[in-house]
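# Chain and residue survey
Listed here are the chains, written in short residue letters.
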Amino acid sequence: MAGYKKLRSQSAACRRFLFLFVFTLFGVGLSVFVLRTNSVSSIAKEPADESGHDGGSSWPQNPNLPKQSELSARLDKQNQLPPRNRDMFPHLAKDHITIVLYVHNRPQYLRVVVKSLSQVVGISETLLIVSHDGYFKEMNAIVEGIKFCQVKQIYAPYSPHLFPDSFPGVSPRDCKDKDDAGKIKCQGNPDQYGNHRSPKIVSLKHHWWWMMNTVWDGLKETRDNSGHILFIEEDHFIFPNAYRNLQALARLKPQKCPDCYAANLAPSDVKSRGEGWESLIAERMGNVGYSFNRTVWRKIHKKAREFCFFDDYNWDITMWATVYPSFGGPVYTLRGPRTSAVHFGKCGLHQGRGERSACIDNGEFNIDVDDIDKVRNIKPQWNVHVYENQPGYKAGFKGWGGWADQRDLQLCLAFAHLYHTAESASS
Ligand SMILES: *[C@@H]1O[C@H](CO)[C@@H](O)[C@H](O)[C@H]1NC(C)=O
């Protein structure tokens, strides 16, 4: 009996040893394999790091990015297509200022904006980039109809609108509203006011940040551009003199206002049409028709963490409350005394601070354009009037919430690393 038992335990020990041996062999093999693939992928990545950017599509998928839906992958490919209308406008002017129009899904607004752009003096000299949050046929049709300049369309590939049943869209396990994740076993982190993420709401800030990173550092059409880039939205009416005024502001900025970070088409008070004075104006950064250069973008990009970890779903309030204050001094923008752009959206997604849903109005607008606003109306001999200590969001503001889900914060940060290595992007 005893001998049998001993025999059994001996063979058991032998089996254990064999198992351990095979297991170790397997483990060593596996780690050699992992090490090798790692070093291969890090070698493959190096050239991109040195030049500061890559094409975005030829590199292994960033592990911090969600798995792409079919639509998302298809649109990502379309982002590589060259601009349209190159046959009609084969050359961009040497000193052109690229215009980026970012849109969601308000076709009745977009029609107005595009019509206004078609009347802008000088528009044929430049490239218009339209950045889409989501894929909407009617929006596409409007953009495809543009014949007055080169047009490049890009789609935010990680827009919540492209993911029907998974993050960044809604996934079945997601917490909603004020759900208690501990009690009902759902996924998500509530914001400072106890609310869970709403994909429709977070899509705006994600889009803005993805677009900024992509336009400055991703697209081959713009990533070597050192001049200003102008940013406008689907509910901004653009005056015929906007482009010529902007060129004048960009030219005058270094002498007239060396402390200005940007040039704006419109006053920072969106209700104002300007003072009508015979002078330039320097004031706090506005969010209608703003433009800046790559030096400023690099400063913004260094603050990716501040931008991505601030609990407010509005990109502009996030900038005012975290990024600009971190520059260590007032962040002025230079503009003319008469506006060259008007925000006309009455019930935008964007300003819906309390009411968290979009509404539609009839799309009729009556914006008077005087003759003086049809030609450049900025004079190089003017002085600069500086507005100091204007009211508005600033450092210390706690944020309106809506932006606290860890998955959103990580996705946002991943956008900052899309075209950079981790070391060069975070601060
Ligand atoms: C870009 O703008 C900033 C702020 O106005 C200025 O200091 C900088 O010299 C500009 N950079 C280039 C390359 O023009």
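Everything numeric in this text was worked out from a predicted model, so none of it was measured.

A count of helical and extended segments in the chain gives 12 helices and 11 strands. Burial status across the chain gives 39% buried among its 427 residues. Across the chain, every contact between residues at least 6 apart in sequence was considered, and the portion connecting residues at least 24 apart equals 80%.

The feature "binding site: Mn(2+)" (unreviewed entry), as given by UniProt, occupies Asp235 and His343 in the numbering adopted here. The named residues occupy 109 residues along the chain; their greatest pairwise C-alpha distance, 5.8 Å, places them in one compact cluster. Mapping Asp235 onto the fold places it in the loop between strand S4 (229-233) and strand S5 (236-238). On the basis of neighbour count, Asp235 is assigned to the buried category, with 25 C-beta atoms found within 10 Å. A residue is classified by how many C-beta atoms lie within 10 Å of it, and His343, with 21 of them, is buried. When sequence neighbours within four positions are dropped, the list of residues in contact with His343 reads Asp235, His236, Val270 and Val288.

Along any regular strand the residues' side chains alternate between the sheet's two faces. Most of S4 sits inside the fold, with five of its five residues counted as buried. Here S4 shows no split at all, with Ile229, Phe231 and Glu233 on one side and Leu230 and Ile232 on the other all buried. Relative to S4, strand S1 (residues 98-103) is paired through five bridges, and the arrangement is parallel. Residue pairing in the sheet places Val100 in a bridge with Phe231 of S4. By the bridge criterion, three bridges tie S4 to strand S8 (residues 290-292) in an arrangement that is antiparallel. Within S8, the residue paired with Leu230 across the bridge is Ser291.

With that settled, the discussion passes to the pairing of strand S3 (residues 150-155). With six of its six residues buried, S3 lies for the most part within the structure. Here S3 shows a buried face lined by Gln150, Lys152 and Ile154 and a second buried face lined by Val151, Gln153 and Tyr155. Where strand S2 (residues 127-132) and S3 come together, six bridges link them in parallel fashion. Bridge pairing links Leu128 to Val151 in S3. In this region the chain leaves S2, passes through helix H4 (residues 137-144) and returns to the parallel neighbour S3; the handedness of that crossover is right-handed.

What follows covers the sheet that holds strand S7 (residues 280-284). Ordered in space as S3-S2-S1-S4-S8-S6-S9-S7-S11, the nine strands form an open sheet in which the pairing is mixed. Of all the strands in the sheet, just S3 and strand S11 (384-386) have a single pairing partner and so form its edges. Strand-to-strand twist of the sheet, defined as the mean angle between neighbouring strand axes without regard to direction, takes the value 30°. Bridge count for S1 against S2 is five bridges, and the pairing is parallel.

This part covers the site of the ligand. The ligand sits among Ser226, Lys253, Cys260, Tyr261, Asn293, Thr295 and Val296. Taken together, the elements giving at least two residues each to the shell around the ligand come down to strand S6 (260-264) and helix H8 (294-301). By residue class, the composition of the shell around the ligand is three nonpolar, three polar and one charged.

Turning our eyes to something else, we now look at the environment of Arg298. Secondary-structure assignment places Arg298 in helix H8. Distance in space between the C-alpha atoms of Arg298 and Asn213 is 10.0 Å, their sequence separation being 85 residues.

Moving on to the packing of helix H6 (residues 199-217) against helix H11 (residues 406-417). Two quantities define a packed helix pair, namely the angle between the helix axes and the distance between the axes. Two elements in contact, H6 and H11, have axes separated by 8 Å at closest approach and are oriented at 15°. When the interaxial angle is binned, H6 and H11 end up roughly parallel. For H6 against H11, the interelement crossing comes out right-handed. Two secondary-structure elements touch here, H6 through Val202, His206, Trp209, Trp210 and Asn213 and H11 through Asp408, Leu411, Cys412, Phe415 and Ala416. Among the residues making up the contact of H6 with H11, the classes are represented as seven nonpolar, two polar and one charged.

Quick look at unusual backbone geometry now. Cis geometry marks the peptide bond from Phe167 to Pro168, where omega comes out at 5°. Following the sequence through the fold, Pro168 ends up in the loop between S3 and helix H5 (181-184). One non-glycine residue, Asp177, lies in the positive phi region at around 45°. The residue Asp177 is located in the loop between S3 and H5 in this model. Residue class for Asp177 comes out exposed when judged on the 9 C-beta atoms lying within 10 Å of it. The backbone of Lys185 shows a phi angle near 55°, a positive value even though the residue is not glycine. Relative to the helices and strands, Lys185 resides in the loop between H5 and H6.

With that settled, consider the nonpolar core. Of all hydrophobic cores here, the largest spans 96 residues; its most connected members are Val100, Leu101, Val113, Ile238, Leu246 and Ala341. Examining the composition of this core, we find that nine residues originate from one element, H6, more than from any other. Non-local contacts of Val113, meaning those with residues more than four positions away in its chain, are made with Leu101, Glu234, His236, Phe237 and Ile238.

Each value, and the rule that gives it
Residues numbered from 1 in each chain as written. Predicted model: local features only at pLDDT ≥ 70, side-chain atom pairs only at ≥ 80, totals over all residues. Helix = DSSP H or I, 4+ residues; strand = E, 2+ residues; numbered from the N terminus. Buried ≥ 20, exposed ≤ 12 C-beta atoms within 10 Å, placed from the backbone. Contact = placed C-beta atoms within 7 Å. UniProt positions renumbered as here; feature names shortened; annotations may be inferred. Pairing = 2+ DSSP bridges. Right-handed = clockwise from strand over helix to strand, strands pointing away. Axes fitted to C-alpha atoms, helices over the stretch in contact; angles between N-to-C directions. Near = placed C-beta within 6 Å. Nonpolar A, V, L, I, M, F, W, Y, C, P; charged D, E, K, R; others polar. Parallel < 35°, antiparallel > 145°, perpendicular 65-115°, else oblique. Left-handed = near helix turned anticlockwise from the far one by under 90°. Core = buried A, V, L, I, M, F, W, Y, C linked by C-beta atoms within 7 Å.

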